[in-house]
Amino acid sequence: MNAQPGGPASPNLTRLSSWHALEQHAAQMGKAQLRELFAADATRGERMHAEAVGLYVDYSKQRVTDDTLRLLGELAEACGLAEHRAAMFRGDRINTTENRPVLHIALRAPADASIEVDGSNVVPKVHAVLDRMATFSQAVRSGHWKGHTGKRIRNVISIGIGGSDLGPVMAYEALRHYSQRDMSFRFVSNVDGTDFVEATRDLDPAETLFIVCSKTFTTQETLTNAHAARRWCLDGLGGADAEKGGAIAKHFVAVSTNAKGVAEFGIDTEHMYGFWDWVGGRYSMDSAIGLSSMLAIGDEQFRAMLAGFHAMDEHFLNAPLAQNLPVIMGLLAVWNTNFLDASTVAVLPYEQYLKRFPAYLQQLTMESNGKHVTLDGVRVDYNTGPIYWGEPGTNGQHSFYQLIHQGTRLIPCDFIGFHQPLNPLLDTHGQDQHDLLIANLIAQGEALAFGKTAAEVRAEGTAPALVPQRRFEGNRPSTTIFAQRLDPYALGSLVALYEHSVFVQGVIWGIDSFDQWGVELGKALARRTAAQIAASGEAELDHDSSTNALIRLYRQRRTAQP
């Protein structure tokens, strides 16, 4: 591979001696069992962990040895991980296909930090936006900000899509415990009208504030929903008279950089909050895109979340690779994906407030590393970008854990838990239900790792014919992540852990983790198809026979009586 603009040179991955060493090692490890690894090393469970920024990461149940970790470290060095990391932190244009820096780290940098883009320190600009957000959120939360009719705002609806939606939704759900409970927060992203109708069905427009999140203020789905919100709001506030009276400016704010488009919509540009091209959508929840989060939890708690992000940034930048949490997580993902042939990762938070965390990680990881060409545009000859998915425990135990335990596919798991509950609830024996929750988390990791042998099943008195069904092969890898309790700081550090893990994987694979061209084709074709569907008379169709037939079928039947 050639040198990247603004970054270090990238090697041809599968030709590296460290890659071949790992292939040979994986062949030797193919028969290794976690039972045997733990039996041979009484200290394995105490040794194979790392702790920093309030997170304890136990990776002893991954199918690795000290040699595996050493070889992975050598691969990271051969791929120039430290140099790539330094290039990102100093603002080099490592998003090569869009010729942009990648500086979500600047969103959570302290006010006295200096991070330059084209010779200009961007940190003061970040804090200027944060301060404006804080002033606005305090006005809304206190009731000082009034709607068009003089009523206080009690409902906030954030309209966005992709990173402009998944991050705020996840953060709100994760931090709902800290939210202002006399306000409701809802989110609209799907262009399906049901999403908007259900979000507004029981609300009073006079008490509702909309946040329109679109950097360019041209995103089709977001603007479609924003105009639906505009009509709904005006219809409920008096129609044309309300519009002339400036009602939109009292019920809409924007997260955008398109002042002209925002003003034409009717939003006061004084309440337009921007972010920058060096912030990717899936890395933007701690930017102005998080305005709904700040409205929900307040600016102090929002800044606590930023502090958690920043602490993990500093750890990732400065900690030695062998004790570096994101590096360990990223290299284990490479090991499982490329050498153990695992195609998915299950993220299993044992915390109900994190119910949207797996969905958030889907975009963060799969949009970042779902790439089939290198930075030089060469087709890769190895797997990239595993599929991330999951649900909170213990719900998942009664749905898909069967496949994880006894299915034919290897599915590495990330278990996430907290030592202290936010909502203690005693059972009939006076024991906190949280103890049962965490017992399940720990037990699942143990069961996946060690399984149950046929001899153990027979010793329980199981009928011989049922022994195969009740046997568990085990040897299924997992990582357990613990924090003290789910608070804004912990959430920030947890998200940053995965952000930087994604970066590590992308560096090893030699891909651009910060573009998303795969999103574009379907959107472009949808615009063309929408025009053909809306055409009067017989539309001229020039697609394949299946697509043409589907368009005709829909046009014929969309007005049919149910």
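Everything numeric here is computed off the predicted structure, so don't read it as measured data.

**Observations regarding the sheet that holds strand S7 (residues 208-213)**
Part 1 of the argument: Sheet architecture is open: five strands sit in the order S6-S5-S7-S8-S9, paired in parallel fashion. Each having just a single partner strand, strand S6 (184-188) and strand S9 (272-273) make up the two edges of the open sheet.
Part 2 of the argument: Running over the sheet, helix H9 (residues 220-237) touches strand S5 (155-159), S6, S7 and strand S8 (252-255) and is turned about 160° from S7.

**Thoughts on the packing of helix H7 (residues 163-174) against helix H16 (residues 357-369)**
Part 1 of the argument: Two elements in contact, H7 and H16, have axes whose closest approach is 9 Å; the angle formed by their N-to-C orientations is 150°. On the basis of their axis angle, the class for H7 and H16 is roughly antiparallel. Pair H7 / H16 crosses with left-handed handedness. For the pair H7 and H16, the contacting residues are Gly163, Leu166, Gly167 and Met170 in the first and Phe357, Ala359, Tyr360 and Gln363 in the second.
Part 2 of the argument: Classifying every residue of the contact of H7 with H16 by side-chain character gives five nonpolar, three polar and no charged.

**What to know about the state of the cysteines**
Part 1 of the argument: Per the counting criterion, the structure on display carries zero disulfides.
Part 2 of the argument: In this structure cysteine 233 is not part of a disulfide, and its nearest cysteine sulfur, from cysteine 213, lies 16 Å away.

**Quick notes on the side chain of arginine 63**
Part 1 of the argument: In this structure, arginine 63 sits in the loop between strand S2 (55-58) and helix H4 (66-78).
Part 2 of the argument: Polar contacts involving the side chain of arginine 63 include one to the main-chain carbonyl oxygen of asparagine 475, which spans 3.0 Å.
Part 3 of the argument: Apart from residues lying up to four places away in sequence, arginine 63 is in contact with Met29, Gly30, Leu34, Trp335, Leu340, Leu410, Asn475 and Pro477.

**Quick notes on the UniProt feature "active site" (unreviewed entry) in the chain**
Part 1 of the argument: UniProt tags Glu367, His398 and Lys523 as "active site" (unreviewed entry). The greatest C-alpha distance among the annotated residues, which extend across 157 residues, is 36.7 Å, indicating that they are dispersed rather than converging on a single site.
Part 2 of the argument: Structurally, the position occupied by glutamate 367 is in helix H16.
Part 3 of the argument: Among residues more than four places away in sequence, those in contact with glutamate 367 are Arg282, Gln362, Asp515, Gln516 and Val519.
Part 4 of the argument: Separated by 2.9 Å, the side chains of glutamate 367 and arginine 282 make a polar contact.
Part 5 of the argument: Inspection of the secondary structure assignment puts lysine 523 in helix H22 (residues 520-534).

Calculation rules
Residues numbered from 1 in each chain as written. Predicted model: local features only at pLDDT ≥ 70, side-chain atom pairs only at ≥ 80, totals over all residues. Heavy atoms only, no water. Pairing = 2+ DSSP bridges. Helix = DSSP H or I, 4+ residues; strand = E, 2+ residues; numbered from the N terminus. Contact = heavy atoms within 4.5 Å. Axes fitted to C-alpha atoms, helices over the stretch in contact; angles between N-to-C directions. Parallel < 35°, antiparallel > 145°, perpendicular 65-115°, else oblique. Left-handed = near helix turned anticlockwise from the far one by under 90°. Nonpolar A, V, L, I, M, F, W, Y, C, P; charged D, E, K, R; others polar. Disulfide = S-S within 2.5 Å. Polar contact = N/O pair within 3.5 Å; in protein donor to acceptor, adjacent residues only side chain to side chain. UniProt positions renumbered as here; feature names shortened; annotations may be inferred.

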